[in-house]
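# Descriptive structure summary
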Amino acid sequence: MAATRRAMAAGAVVALTGSLLGSPAASASTAPEPTTVAKKLVSPLSMVVAGNGTAYVAQNFAGLLTAIAPGAKPEVVYAAKKGTEVGALSEAGGTVRFATTKGAKTALWSMRPGGKPKKVADLSTFEADRNPDAGVTYGFEGGLDAACAAQMPPEVPASYPGIVESHPYGSTVHKGITYVADAAGNTIVSVKPNGKVKTLAVLPPVPVVVTAEAAAANKLPACTVGKTFNFEPVPTDVEVGKGGWLYVTLLPGGPEDGSTGAQGRLVKVKIKTGKVREVASGFAGATGVAVADNGDVYVAQLFGGQVSRIKAGRTTAKPYAEVMMPAAVEWADGDLFVSAQVLSQKPKGVVLRY
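From a predicted model like this one, the values you see are computed outputs, not experimental measurements.

Along the chain, the regular secondary structure elements total five helices and 28 strands. Its C-alpha atoms give the chain a radius of gyration of 19 Å, near enough to 20 Å, the size a compact globule of 354 residues would have. Principal axes of the C-alpha set define a box for the chain whose edges measure 65 × 45 × 40 Å. Within the chain, residue pairs in contact and separated by at least 24 positions form 49% of the contacts whose partners lie at least 6 positions apart. Accessible surface, the chain: about 15,100 Å² in total, of which carbon and sulfur atoms supply 51%. Across the chain, 35 positive and 26 negative side-chain charges occur, with their mean positions spaced 7 Å apart.

Listed below in structure tokens is the structure:
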């Protein structure tokens, strides 16, 4: 239950390919039938569609950046060194931004079509120097008494502070500044073109009250029932919305077997102030967010087998499309692009267009 950002940062989410992931949403969808843009991809967890219609897809765990021009076959335009992840894609003015993760080292890069990538910022160095969530305490609110703490499984800390760790999963560009969702750092950071990194927001913990069922499923002692556990928020994607807000999906650290309920969140962050406000909750693995021209927001639910839509100005998410293992969602020229089957053990990932 106390699985932290380490679980996602280590790619442990790949193991979750059982029936929960493979089951489509039970609710009726409202989306039209999609067309397949690309297939046979490996872990397409991040995606962006450029102004010219070219879709760029990060095959994260394979360390590949793939371009899919309209009507053309997918082309690998960047291959990272072995053991390096590629993700957190965004684009502006023809320049693609992406992040790399190799062990504890993370960085933000930019690349023009046909060119070589240039390092923009060293994100892991910033995290090591600042550790923005160091002052945040995760775990049981108020801690546990000694007798209860002694009964806890060794792998579940009763409470702990934010640690030094970086793993960027999403990014977006607004007025020349790149905003990065660092899943392991629990932050949204801004990166200027000159490489200067600043913390825009430390995302708040996600509080979950421990039920008897959750305690039994996660081998927690009975003394924890009724107590609140503050999970790490784990931001997975970020997108520019209207009114000076960034929309951010949260995939809280913890079990994804449903034992603690669907705890994914959609929040928005004010670009000028870093103020955080919750928009919607109840997502089963919120991994991607897209904002349509009319202000509607789409959220991919990796473990819920669907993409949900939140109409502009509303706070309730409703099913939009049944999709197996969706991760990234992008809005472009009236179409919604979705990466799906992202955790298949074989290269069966696809990009769909609605």
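With that out of the way, let us pick up the pattern of salt bridges. The tally for this structure, following the rule as stated, stands at one salt bridge. With its nearest N and O atoms 3.4 Å apart, the salt bridge here joins R265 to E278. Of this pair, R265 sits in strand β20 (residues 264-270) while E278 sits in strand β21 (residues 276-283), placing them 13 residues apart in sequence. Residue R265 is classed as buried on the basis of its relative accessible area of 12%. Judged by its relative accessible area of 47%, E278 falls in the partly exposed class.

Moving on, we come to the packing of aromatic side chains. Under the counting rule described, the total for this entry stands at seven aromatic pairs. Measuring from centroid to centroid gives 5.8 Å for Y298 and W331, while their planes differ by 15°, and the two rings are stacked. Here Y298 is found in strand β23 (residues 297-301), whereas its partner W331 is found in strand β26 (residues 329-332), with 33 residues between them in sequence. Overall, Y298 belongs to the buried group, its relative accessible area being 3%. In textbook terms, an aromatic cluster arises when at least three aromatic residues are bridged by ring pairs, as seen for Y298, Y320, W331 and Y354. Of note, K268 hangs over the ring of W245, and the distance from its end group to the ring centre comes to 4.6 Å.

Rules used in this analysis
Residues numbered from 1 in each chain as written. Predicted model: local features only at pLDDT ≥ 70, side-chain atom pairs only at ≥ 80, totals over all residues. Heavy atoms only, no water. Helix = DSSP H or I, 4+ residues; strand = E, 2+ residues; numbered from the N terminus. Rg over C-alpha atoms; globule rule 2.2 N^0.38 Å. Contact = heavy atoms within 4.5 Å. Areas by Shrake-Rupley, 256 points an atom, 1.4 Å probe, with all protein chains shown as cover. Lys, Arg positive; Asp, Glu negative; His and termini not counted. Charge placed at Lys NZ, Arg CZ, Asp CG, Glu CD. Salt bridge = Lys/Arg side-chain N within 4 Å of Asp/Glu carboxyl O. Buried < 20%, exposed > 50% of the residue type's maximum accessible area, 1.4 Å probe, protein only. Phe/Tyr/Trp six-rings, centres within 6.5 Å; stacked < 30°, edge-to-face > 60°. Lys NZ or Arg CZ within 6 Å of the ring centre and 35° of its normal.

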